[in-house]
Amino acid sequence: MKYAALLLPLLFIALFVYALIRKVRLYDCFTEGVKGAVPLILSIFPYLVSVLILSELFERSGLSALLTQGLAPAFSFLGIPPEIGKLVLLKPFSGSGSTALLADLLAQYGADSYIGRCACVAFGSSETVFFISAVYFAGSKKSLLKPVVIALFSNFLSLILGCLFCKIM
Amino acid sequence: MNVIFAVIFLAAAIVFLVHDPEGFLPAMLAGGQKAATVCFALLASYCVWLGFFKVLEKSGLSERLARGLYPAARRLFRSQDRQALALACQNIAANLLGLPGAPTPPGVAATQKFLAAGNDYAADMLFVLNATSLQLLPTTVIALRAAAGSSSPADILAPTLLATLVSTLAGAALVILTRRRA
């Protein structure tokens, strides 16, 4: 795992050396790229706020806990440990919230337990669907129902498969 | 998204109304505050990566890397826009490598180009690929497992990759199947 950390510095060194050989003015060029960051953030910001307010309401109202309880039988029917239900429901909204939740689950049940492994696979094979849709489709007027539903379905599929693989592998 | 927003918002508001009416506003404000914090974190990482991608573009390397991927990308996204396809390829590469924050700038730029050209299909495809987790090495999970005292933190790699692979393929297939014929 230690080698993974080498990736980033190597990537930058390789690119910058190549750019220098191609006579790119590094400082001017890098700075010009950075210029785009503020407009990008400004276009994303309103959508981000709406999604994160929604995520906070969802969690703090107790709605996520209620749903977790209500869905527990369905989850166990599909082979998903109900203990990770909350993680499954929170992940589409918020990366930081679900990361904290995963850490809690690992502390509570142990990283090598079946529940802990399922939680890790569920976390690693899914993405923050609502968050990404807010960022990628910022400012677009098109209906997002289809792509969002497909993405949620795919994530759910990987959840079921992940729990199954945890059991047999 | 309008439907999803309305349903979840109203359901949560009603639960607040019944159980904890005083907690409603603080919850919304906490969301807003989180958004502000997240935006600053994102701004920092976009600065770094936009600088990186500009150098990649100016050095001509992005053009060279994308050229090999054009035939595949053109068919996957059904687009002839070389610039948008190059951005989409950068987005996917950054996703696979799991560079935190890096996929977003080229991904957003490619999506905007696809949408401007009226190619909703390509935008949907790129979004679904991003939203089904393409990461080859789930670094966050492995780090958390190591921190929690796991005896083999990387042990979840195989099931995660398999599950992700299947779900990404399923998502892409669904986008292709539900494409409106022009």
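Residues numbered from 1 in each chain as written. Chains lettered and ligands numbered in written order. Predicted model: local features only at pLDDT ≥ 70, side-chain atom pairs only at ≥ 80, totals over all residues.

Caption draft 1: Seen up close, the overall build of chain B. Counting its secondary structure elements, chain B contains eight helices and zero strands. Secondary structure elements of chain B occur, N-terminal to C-terminal, as α-α-α-α-α-α-α-α. On C-alpha atoms alone, chain B measures out to a radius of gyration of 20 Å, which is more than a quarter above the 16 Å that the 2.2 N^0.38 rule sets for 182 residues. The proportion of buried residues among the 182 residues of chain B is 46%. Counting contacts in chain B only where the partners sit at least 6 residues apart, residues at least 24 apart contribute 57% of the total. (Helix = DSSP H or I, 4+ residues; strand = E, 2+ residues; numbered from the N terminus. Rg over C-alpha atoms; globule rule 2.2 N^0.38 Å. Buried ≥ 20, exposed ≤ 12 C-beta atoms within 10 Å, placed from the backbone. Contact = placed C-beta atoms within 7 Å.)

Caption draft 2: Molecular detail of the overall build of chain A. In terms of regular secondary structure, chain A is built from nine helices and zero strands. Compactness check: chain A gives a C-alpha radius of gyration of 20 Å against a globular reference of 15 Å for 169 residues, more than 25% above the reference. With the principal axes as the frame, chain A shows a C-alpha extent of 60 × 40 × 25 Å. Here chain A holds 169 residues, and the buried ones make up 46% of them. Taking the intrachain contacts of chain A between residues at least 6 apart in sequence as the baseline, contacts between residues at least 24 apart amount to 64%.

Caption draft 3: The arrangement of the nonpolar core in detail. Core analysis: the largest hydrophobic core is formed by 99 residues, its most contacted members being Leu48(A), Val51(A), Leu87(A), Ala119(A), Ala122(A), Ala88(B) and Leu126(B). The element best represented in this core is helix H2 (residues 24-58) of chain B, accounting for 13 residues. Dropping the residues within four chain positions of it, Leu48(A) is found in contact with Ala134(A), Ala35(B), Val38(B) and Cys39(B). (Core = buried A, V, L, I, M, F, W, Y, C linked by C-beta atoms within 7 Å.)

Caption draft 4: Representation of helix H8 (residues 157-177) of chain B within the structure. Taking 1.5 Å per residue as the helical rise, H8(B) with its 21 residues ought to reach 30 Å, and the 30 Å between its terminal C-alpha atoms agrees with that figure. For H8(B), the set of buried residues is Pro159(B), Thr160(B), Leu161(B), Ala163(B), Thr164(B), Ser167(B), Thr168(B), Gly171(B) and Val175(B). Each element contacted by the buried residues of H8(B) is listed here: helix H7 (114-124) and helix H9 (145-168) of chain A together with helix H6 (120-131) of chain B. (Expected span 1.5 Å × (residues − 1).)

Caption draft 5: Structural detail: the domain arrangement of chain B. Residue and element names in this part refer to chain B. When cut into domains, chain B gives domain 1 (1-57) and domain 2 (60-182). One C-alpha centre belongs to domain 1, the other to domain 2, and the line joining them spans 23 Å. If you look at the interface, domain 1 gives eight residues, while domain 2 gives nine residues. Of the residues belonging to the side of domain 1 that touches domain 2, the class tally is six nonpolar, one polar and one charged. (Domains from an automatic or database assignment. Nonpolar A, V, L, I, M, F, W, Y, C, P; charged D, E, K, R; others polar.)

Caption draft 6: Region of interest: the packing of H9(A) against H8(B). Two elements in contact, H9(A) and H8(B), have axes whose closest approach is 8 Å; the angle formed by their N-to-C orientations is 150°. The orientation of H9(A) relative to H8(B) falls into the category roughly antiparallel. Of the two elements, H9(A) crosses H8(B), and the hand of that crossing is right-handed. Contacts between H9(A) and H8(B) pair Ile150(A), Ala151(A), Ser154(A), Asn155(A), Leu157(A), Ser158(A), Leu161(A), Gly162(A), Phe165(A) and Cys166(A) from the former with Pro159(B), Thr160(B), Leu162(B), Ala163(B), Thr164(B), Val166(B), Ser167(B), Thr168(B), Ala170(B), Gly171(B), Leu174(B) and Val175(B) from the latter. Classifying every residue of the contact of H9(A) with H8(B) gives 13 nonpolar, nine polar and no charged. (Axes fitted to C-alpha atoms, helices over the stretch in contact; angles between N-to-C directions. Parallel < 35°, antiparallel > 145°, perpendicular 65-115°, else oblique. Left-handed = near helix turned anticlockwise from the far one by under 90°.)

Caption draft 7: Expanded view of the confidence of the model for chain B. In this model, chain B carries an average pLDDT of 88, and 98% of its residues clear a pLDDT of 70 or more. Interface confidence for the predicted complex, expressed as ipTM, amounts to 0.86; the pTM equals 0.87. (pLDDT = per-residue confidence, 0-100.)

Caption draft 8: Fine view of the interface of chain A and chain B. Listed per partner, the contact involves 73 residues of chain A and 79 residues of chain B. For the side of chain A that touches chain B, the elements supplying multiple residues, two or more each, are helix H1 (7-21), helix H2 (26-34), helix H3 (37-60), helix H6 (95-109), H7, helix H8 (129-136) and H9 of chain A. Broken down by element, the residue count for the side of chain A that touches chain B peaks at 15 residues, all from H3(A). Here the residues of the side of chain A that touches chain B sort into 48 nonpolar, 16 polar and nine charged.

Caption draft 9: Representation of the environment of Ser96(A) within the structure. Residues and elements named next belong to chain A. Considering the arrangement of structural elements, one finds serine 96 in helix H6. With 15 C-beta atoms counted inside 10 Å, the residue serine 96 sits in the partly exposed group. Taking the C-alpha atoms as reference, serine 96 lies 9.9 Å from threonine 128; in sequence the two are 32 residues apart.

Caption draft 10: Summary view of unusual backbone geometry. Although it is not a glycine, Lys23(A) adopts a positive phi angle of roughly 60°. Unlike most non-glycine residues, Arg78(B) shows phi in positive territory, near 50°.

Caption draft 11: Structural view of the environment of Leu126(B). Residue and element names in this part refer to chain B. One can find leucine 126 in helix H6. Separated by 34 residues in the primary sequence, leucine 126 and isoleucine 92 have C-alpha atoms spaced 8.5 Å apart. What leucine 126 contacts, discounting residues up to four positions off in sequence, is Ala88, Asn91, Gly107, Ala110, Thr111 and Phe114.

Caption draft 12: Quick look at the environment of Leu25(B). Residue and element names in this part refer to chain B. Here leucine 25 lies in helix H2. Given 10 C-beta atoms within a 10 Å radius, leucine 25 is considered exposed. Expressed as a C-alpha distance, the spacing of leucine 25 and alanine 13, which sit 12 residues apart in the sequence, is 10.0 Å.

Caption draft 13: Region of interest: the packing of helix H5 (residues 104-116) of chain B against H6(B). Residue and element names in this part refer to chain B. Between H5 and H6, the least distance of the axes is 7 Å, while the angle of their chain directions is 155°. It follows that H5 is roughly antiparallel to H6 by the angle criterion. The two elements H5 and H6 cross, and the hand of that crossing is left-handed. Between H5 and H6, the residues in contact are Gly107, Ala110, Thr111, Phe114 and Leu115 and Asp120, Ala122, Ala123, Leu126, Phe127 and Asn130, respectively.

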